[in-house]
Each structure stands twice: as structure tokens, then as C-alpha cells.
Amino acid sequence: MGVLRFRLRDATASAHRRVETAMALDDHCREPESYRQLLARLWGLYEPLEAALARIDWQGAAIDFRERAKLGWLEADLMVLGMNAGTIAGLPRAAALPRVTDRLDAMGMLYVMEGASLGGQIISRRLTADLGVTADQGGRFFSSYGRQVGPRWRDYLLALERFADDQAASARIEACALATFESFLSWFAIGSRPIGIVSGARS
Ligand code: HEM
């Protein structure tokens, strides 16, 4: 499989490395409060990104975003970690987002959000080892599709390859994948400081 997939991987390789550094996921796995801050910040990015993906007409795309939404997992994790629904809904949200006007933009954005579930497997193991966080004890988001991560990623790649022969479409998908990585970068670049979760928010 895949010319377009490899094109996207090459085009975004350096952004991937920068995002890994900016998010400092390793550091956040060492201490419960830091992990909670990470999830809160992820929520602030996933909420608007997934809202944009939910507005797209996915019919005929060989993939359906609604089966890949992960915001609910972040919310479940935050609740396990003591945050209530009202506090979650009031968390700061990212404003600098890629424009998602159609299925091509959406496929590019989804490349990044689905790809993140691959690295998530590594984080998930670390969370269990370092913090004792398992999927149903606050680690649902990073555990993602669990044993289905591989198959779900391959299904996404199959859907992606339907656009591979179309150069203009490929360029649009690539541009939105890059822009999505940039939105992670800018949101996490300011993420070195805590995001003002009201203390005492544990219910
Ligand atoms: C510490 C954090 C991360 C680590 C250690 C990591 C590690 C990895 C690894 C090992 C792969 C290759 C997996 C495979 O081919 O089976 C991968 C792929 C990928 N990751 Fe990450 N990742 C991290 C964070 C992220 C984040 C936050 C994003 C998105 C914002 C992301 C997006 C992607 C994408 C799109 C791919 C697919 C590349 C391809 O086309 O093969 N990763 N990552």
C-alpha cells in the first residue's frame, strides 16, 4: 500500500519530530497532575478539530469520522481523574486551526489524528508502567482502539489511497496534514505552562 501514505509521511516527518518534542509526552507520564494537564490540553485541541471533522460529509469516502472520534475518551479520562463535565466544557480551546472545507482537508487532518494512535500505543504502555494508568482508569484516550489500532490504521490508509492518483487532491490532503501538525505545535508550544484548571475541580 501506498504512494500517498509515504508522501504524507515524508512531508510531515520533521513536523512529527517537533510535535513529539513540544508535547513532551514522556514527562507528562511521570506524575498524575501533569498527566491530567496533558489530557486537558489535548481536549482543548481535539474539541475544535473534531467539531470541524464532524461537519464534513463523509459519504462515499470509504471511512466515517464518527467511528473515529476520540473526544469522548478524553472526557472519560478527565472524569476518572476527578474533573467534572462543567469544568471540562470550560477548558481553554485552541483557536488557530486548519480550515477544513471538504473531504480532502478532512482526510489530511485525519491522517494526523489517526496516526497519533500509533504513537499512543507507546504512551499507553508507559502510563501503565509509570503511573498505573490503565484504559479504564484514565488511559482510554491513549489506549485508543486497543488491539484494533493496526487494522484501523490500515483501513484509514486504504481510504486514503483512493485519492493517490489525483495530484491536486493529494496536494490538498498533504497541506491539511501539515497544517494539522502545525496546530498541535502551536497549541503545545504555549503548553509548557499549566492551563489554569481551577484547583478544587475534583468532584
Ligand atoms: C511521544 C509521542 C509519539 C511517539 C513516540 C510516536 C511514535 C510513532 C511511531 C513509532 C510511529 C510509527 C508506527 C508504525 O509505523 O507502526 C508513528 C507514526 C505516526 N505518528 Fe507518531 N508518535 C508520537 C506522537 C504523535 C503525535 C502527537 C502525532 C499527531 C499529532 C503523531 C502522528 C503520527 C502519524 C501521522 C504517524 C504515521 C506516519 C506514517 O504515515 O507512517 N504521532 N509515531
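What comes next is a walk through the structure. (Residues numbered from 1 in each chain as written. Predicted model: local features only at pLDDT ≥ 70, side-chain atom pairs only at ≥ 80, totals over all residues.)

1. A few points about the overall build of the protein
Helix and strand counts for the protein stand at nine helices and zero strands. For the protein, the N- to C-terminal ordering of α and β elements is α-α-α-α-α-α-α-α-α. Seen through its C-alpha atoms, the protein measures out along the principal axes to roughly 55 × 30 × 30 Å. Per-residue burial for the protein yields a buried fraction of 36% across its 203 residues. (Helix = DSSP H or I, 4+ residues; strand = E, 2+ residues; numbered from the N terminus. Buried ≥ 20, exposed ≤ 12 C-beta atoms within 10 Å, placed from the backbone.)

2. Things to note about the packing of helix α3 (residues 32–54) against helix α6 (residues 103–131)
With their axes 13 Å apart at the nearest point, α3 and α6 run at an angle of 165 degrees to one another. One finds that α3 runs roughly antiparallel with respect to α6. When you trace α3 past α6, the crossing you get is left-handed. Facing α3, whose interface residues are Pro32, Tyr35, Leu49 and Leu53, α6 presents Ala106, Met109, Leu110, Met113 and Leu131. Across the contact of α3 with α6, the residue classes break down as nine nonpolar, no polar and no charged. (Axes fitted to C-alpha atoms, helices over the stretch in contact; angles between N-to-C directions. Parallel < 35°, antiparallel > 145°, perpendicular 65-115°, else oblique. Left-handed = near helix turned anticlockwise from the far one by under 90°. Contact = placed C-beta atoms within 7 Å. Nonpolar A, V, L, I, M, F, W, Y, C, P; charged D, E, K, R; others polar.)

3. What to know about helix α9 (residues 167–189)
Taking 1.5 Å of rise per residue, the 23 residues of α9 would be expected to cover 33 Å, and the 33 Å separating its terminal C-alpha atoms lies within 8% of that figure. Where α9 is buried, its residues contact α1 (3–23), α3 and α6. (Expected span 1.5 Å × (residues − 1).)

4. Structural notes on the packing of α1 against α9
At a minimum axis distance of 9 Å, the contact between α1 and α9 shows a crossing angle of 5 degrees. When the axis of α1 is compared with that of α9, the two are roughly parallel. The segment α1 lies against α9, with Leu4, Arg7, Leu8, Ala11, Thr12, Ala15, His16, Arg18, Val19, Ala22 and Met23 engaging Ser170, Glu174, Ala177, Leu178, Phe181, Phe184, Leu185, Phe188 and Ala189. In terms of residue class, the contact of α1 with α9 is made up of 14 nonpolar, three polar and three charged.

5. A closer look at the nonpolar core
Generally speaking, nonpolar side chains in soluble globular proteins are found buried as a group. Counting 46 residues, the largest nonpolar core has Leu39, Trp43, Met109 and Leu110 as the members making the most contacts within it. Elements with a minimum of two residues in this core: α1, α3, α4 (71–80), α6, α7 (140–143), α8 (149–161) and α9. Looking at this core element by element, the count peaks at 11 residues for α6. (Core = buried A, V, L, I, M, F, W, Y, C linked by C-beta atoms within 7 Å.)

6. Comments concerning the site of the ligand
Neighbouring the ligand are 16 residues, the closest being Arg9, Gly115, Ala116, Leu118 and Gly119. Put simply, the parts of the chain that give the shell around the ligand at least two residues each are α1 and α6. Considered class by class, the residues forming the shell around the ligand number 10 nonpolar, three polar and three charged. (Near = placed C-beta within 6 Å.)

7. Digging into unusual backbone geometry
A positive phi angle is found at Ala24, which is not glycine, with a value near 45 degrees. Here Ala24 is to be found in the loop between α1 and α2 (25–28). Phi at Ser144 is positive, roughly 55 degrees, even though this residue is not glycine. On the neighbour-count criterion, Ser144 (24 C-beta atoms within 10 Å) is buried.

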